[in-house]
Amino acid sequence: MLAELRAQLRAGGMLFARSTQRRLAYPVGALIDLASFVAIFGLTLLLWRAVVSQGNSLPMAWSELLRYLCVAFGLGYALEFGIYPFQQSIRTGGIAIDLLRPVPVTWLHLCNCLSWGALQAVYVAIAAGLLWHWIPDLRVVTDLPTVLALLVSLCLAALLQFSIFFLFAQGSFITQFGYGILYTRLSLHQVFSGAFAPVALFPESLKPWALALPFRHVIDTPARIALGMTAPGEIPILLAQQAAWGLGLFLLGQLIFDHFLGKAQIQGG
Amino acid sequence: MRDELMIYVTAFKASLLARMEYRGDLLLSLLGGVCFQLGPLLAYGVLRAHAPQLGGWNGEEMLFLFGMWALCLGLSELFFNNIWDFSDQVLDGSLDRLLVYPVRSLPFYLLCSPTIHAFANITMGLSMLGYAGHALGLGAAYWALIPVWAACGVAIYTGTLVILGSTAVLMPGRGLDLLWLLAQVNWAARYPLNIYPAFLRVALLVVPPLGAYHYLPGLWLFKGGSLALGLGAPIAAALACGIGANFCWNLALNRYESTGS
């Protein structure tokens, strides 16, 4: 049992390294990808800047919102995983090859996604380092318990994001063209994750939806913890909610995947 | 000419029927299209909760911009979507077959990959335009010019995609990234351009003129702008993008190396 676990971890490490190497092989692609994210981030900043410059009052100061949006952008970019190869492998039947590998398919794609995330997190760290002096008050929490809570929250956000991706990607089992699924997830994520605005700024009609859906725990929750914007005693509750959503959706995704695998027909099989 | 047109119609019809073959796919694609338009509307709802007017544009006027944007995107995705696959087809050599058809390659190529979610974008776009026109009490000129602006928007957006997509021949494997970048920039063009800094406003009106087919008509309709700006500029931008797309496409095909050559 222990030997098998060790073998799986070793395989995961190798998959992680291979996936990172593959990503590094296309630096131009990664740069253009980053530019796309920067464009969206810039648009978000300009929209909120326009709101503030018109003299409208917000429940939070502009500097506070700017800090939030910077952190949300960094998180959003780092956690925008490359699950598309999984979706593509379902569509093309290439998943047959994944099933032959000596590691579970979920583990395979989790390692792939984490390698993307880790690499993108490095890019974010470099960008943050370069921009540090230009962004006023871009400071994050420094006390040890909150830093530890932030690390846990980041791990749970990564798990949750992967679980959401994995769940949505399986729509490709019943579709020929994957963009409907892609757009649905993307739209829900962009509105409710907190990438566009902190949930605290949502109007009363939207807030219950944002609070009820899991997306806010991908960006809004870790961003608030990182910036010290949580109420006293709120962090354990947020972490518990993140863990419940992350594990729950992961298990649900696994169940659905097993169900589809039992029905899937692969050419040549 | 008539024979060529019939080939285009037949190819488009066959591709569309193939796309609509799977019911689950059809439903999820439509749902995706609706979500794709609802998402930005909800995001705007968050902004509107704090700013009833954005750059002097009220909710109904914003709906005109959003609606025209969605309509043109949907029409482009329905009739001219194949450019998104160009980069992959250059790499895998499947573009070769295009060169043996007895038709003009660009329109034929673009027509052969309609998407289903385009119907949702078109429906959402028309709904927003209809609501905006009704709420603002716009007259017959508004309804009559919507098809003209939509045609300009499709030419501008698709033309820009083709110009960027053609670079896939020079930079194999990278064309898709550039298209994705353009799509992201295009999201910015959905909002009134006067809220952006001057350099960005000019960029979105000139290179690429992604704001020309809804922002300029909006200025004419709601802000007392001139008709030349509201109608002449979108047509000029559409012509420029169409000519540019044709030029870049031909240049790309001349440089294309077939996998068999």
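Calculation criteria
- Residues numbered from 1 in each chain as written.
- Chains lettered and ligands numbered in written order.
- Predicted model: local features only at pLDDT ≥ 70, side-chain atom pairs only at ≥ 80, totals over all residues.
- Helix = DSSP H or I, 4+ residues; strand = E, 2+ residues; numbered from the N terminus.
- Buried ≥ 20, exposed ≤ 12 C-beta atoms within 10 Å, placed from the backbone.
- Rg over C-alpha atoms; globule rule 2.2 N^0.38 Å.
- Contact = placed C-beta atoms within 7 Å.
- Nonpolar A, V, L, I, M, F, W, Y, C, P; charged D, E, K, R; others polar.
- Core = buried A, V, L, I, M, F, W, Y, C linked by C-beta atoms within 7 Å.
- Axes fitted to C-alpha atoms, helices over the stretch in contact; angles between N-to-C directions.
- Parallel < 35°, antiparallel > 145°, perpendicular 65-115°, else oblique.
- Left-handed = near helix turned anticlockwise from the far one by under 90°.
- Expected span 1.5 Å × (residues − 1).
- pLDDT = per-residue confidence, 0-100.

Enquirer: Got a minute to help me understand the overall build of chain B in this structure?
Expert: Of regular secondary structure, chain B possesses eleven helices and zero strands. When its helices and strands are written in sequence order, chain B yields α-α-α-α-α-α-α-α-α-α-α. Across its three principal axes, chain B shows a C-alpha extent of roughly 60 × 40 × 35 Å. Within chain B, the fraction of its 261 residues that count as buried is 45%.

Enquirer: When you look at the overall build of chain A in this model, what are you seeing that I'm missing?
Expert: Helix and strand counts for chain A stand at eleven helices and zero strands. Helices and strands in chain A line up, N terminus first, as α-α-α-α-α-α-α-α-α-α-α. Here the C-alpha atoms of chain A give a radius of gyration of 20 Å, agreeing with the 18 Å that 2.2 N^0.38 yields for 269 residues. Taking the principal axes of the C-alpha coordinates as reference, chain A spans close to 65 × 40 × 35 Å. The burial tally for chain A puts 40% of its 269 residues in the buried class. Intrachain contacts of chain A at a sequence separation of at least 6 include 79% that bridge at least 24 residues.

Enquirer: For this particular structure, what's the right way to read the environment of leucine 108 of chain A?
Expert: All names here are of chain A. With respect to the helices and strands, the residue leucine 108 is situated in helix 6 (residues 105-131). Each C-alpha atom of the pair leucine 108 and phenylalanine 250 lies 14 Å from the other, and the pair is 142 residues apart in sequence. In this view, leucine 108 contacts Leu15, Asp98, Arg101 and Val103; residues no more than four positions away in its chain are not counted.

Enquirer: I keep staring at the interface of chain B and chain A and nothing clicks. Help me out?
Expert: Interfaces are often sized by the accessible area lost when the parts come together. Contact residues are listed per partner, giving 38 residues for chain B and 37 residues for chain A. Listed by contribution, the elements that provide at least two residues to the side of chain B that touches chain A are helix 2 (23-50) and helix 8 (175-188) of chain B. A per-element tally of the side of chain B that touches chain A places helix 2 of chain B first, with 18 residues. Tallied by class, residues from the side of chain B that touches chain A come to 23 nonpolar, eleven polar and four charged.

Enquirer: Can you walk me through the nonpolar core in this structure?
Expert: Nonpolar side chains in soluble globular proteins generally cluster together in the buried interior. Residues Ala72 of chain A together with Met68, Cys72 and Ile156 of chain B are the most contacted members of the largest nonpolar core, which totals 142 residues. Sorting elements by how many residues they give to this core places helix 7 (residues 144-169) of chain A first, with 14 residues. Leaving out residues up to four positions away in the same chain, methionine 68 of chain B has contacts with Gly125, Leu129, Trp149, Gly153, Tyr213 and His214 of chain B.

Enquirer: Hey, could you run me through the packing of helix 2 (residues 27-53) of chain A against helix 3 (residues 62-78) of chain A in this one?
Expert: When two helices pack together, their arrangement is given by the angle between their axes and by how far apart the axes lie. All names here are of chain A. Where helix 2 contacts helix 3, the two axes come as close as 11 Å, and the packing angle between them is 165°. It follows from the interaxial angle that helix 2 and helix 3 lie roughly antiparallel. Between helix 2 and helix 3 the crossing geometry is right-handed. Where helix 2 approaches helix 3, its residues Phe37, Phe41, Thr44, Leu45, Trp48 and Val52 are matched on the opposing element by Trp62, Leu65, Leu69, Phe73 and Tyr77.

Enquirer: Hey, could you run me through helix 10 (residues 215-222) of chain B in this one?
Expert: All names here are of chain B. Buried within helix 10 are the following residues: Tyr215, Leu216, Pro217, Gly218 and Leu221. Buried-residue contacts for helix 10 involve helix 3 (59-79), helix 7 (140-165) and helix 11 (227-255). Directly after helix 10, the chain includes glycine 224, whose backbone phi takes a positive value near 75°.

Enquirer: When you look at helix 6 (residues 117-135) of chain B in this model, what are you seeing that I'm missing?
Expert: What sets the pattern is the α-helix's 3.6 residues per turn: residues three or four places apart point alike. Under the 1.5 Å per step criterion, the end-to-end length of helix 6 of chain B is 27 Å for 19 residues, consistent within 8% with the ideal 27 Å. For helix 6 of chain B, the set of buried residues is His117, Ala118, Ala120, Asn121, Ile122, Met124, Gly125, Met128, Leu129 and Ala132 of chain B. Residues of helix 6 of chain B that are buried sit in contact with helix 8 (179-192) of chain A together with helix 2, helix 3 and helix 7 of chain B. Glycine 137 of chain B lies just past helix 6 of chain B and shows a positive phi near 60°.

Enquirer: Honestly, the packing of helix 2 of chain B against helix 6 of chain B in this entry has me stumped. Any pointers?
Expert: Residues and elements named next belong to chain B. Running from N to C, helix 2 and helix 6 cross one another at 40°; their axes reach a closest spacing of 7 Å. Here helix 2 lies oblique to helix 6, going by the angle between them. Helix 2 and helix 6 meet at a crossing whose hand is right-handed. Residues Ser29, Leu30, Gly32, Gly33, Val34, Phe36 and Gln37 of helix 2 pack against His117, Ala118, Phe119, Ala120, Asn121 and Met124 of helix 6.

Enquirer: Would you mind showing me how to read unusual backbone geometry here?
Expert: Negative phi characterises most residues that are not glycine, and trans characterises most peptide bonds. With an omega of -10°, the peptide bond running from valine 207 of chain B to proline 208 of chain B counts as cis. Its location among the elements puts proline 208 of chain B in the loop between helix 9 (198-206) and helix 10.

Enquirer: Can you help me understand the confidence of the model for chain B in this one?
Expert: Any region with low pLDDT has predicted coordinates that should not be read closely. All names here are of chain B. Predicted confidence across chain B gives a mean pLDDT of 87, with 97% of residues reaching 70 or more. Looking over chain B, one finds the lowest element-wise mean pLDDT in helix 8, namely 78, and the highest in helix 3, namely 93. At the level of chain-chain contacts, confidence expressed as ipTM amounts to 0.82, with global pTM at 0.86.

Enquirer: Where do I start with the environment of leucine 159 of chain A in this structure?
Expert: All names here are of chain A. Among the structural elements, leucine 159 can be located in helix 7. In this structure, the C-alpha to C-alpha distance between leucine 159 and cysteine 113, residues 46 residues apart in sequence, is 9.9 Å. Setting aside residues no more than four positions away along its own chain, leucine 159 makes contact with Gly246 and Phe250.

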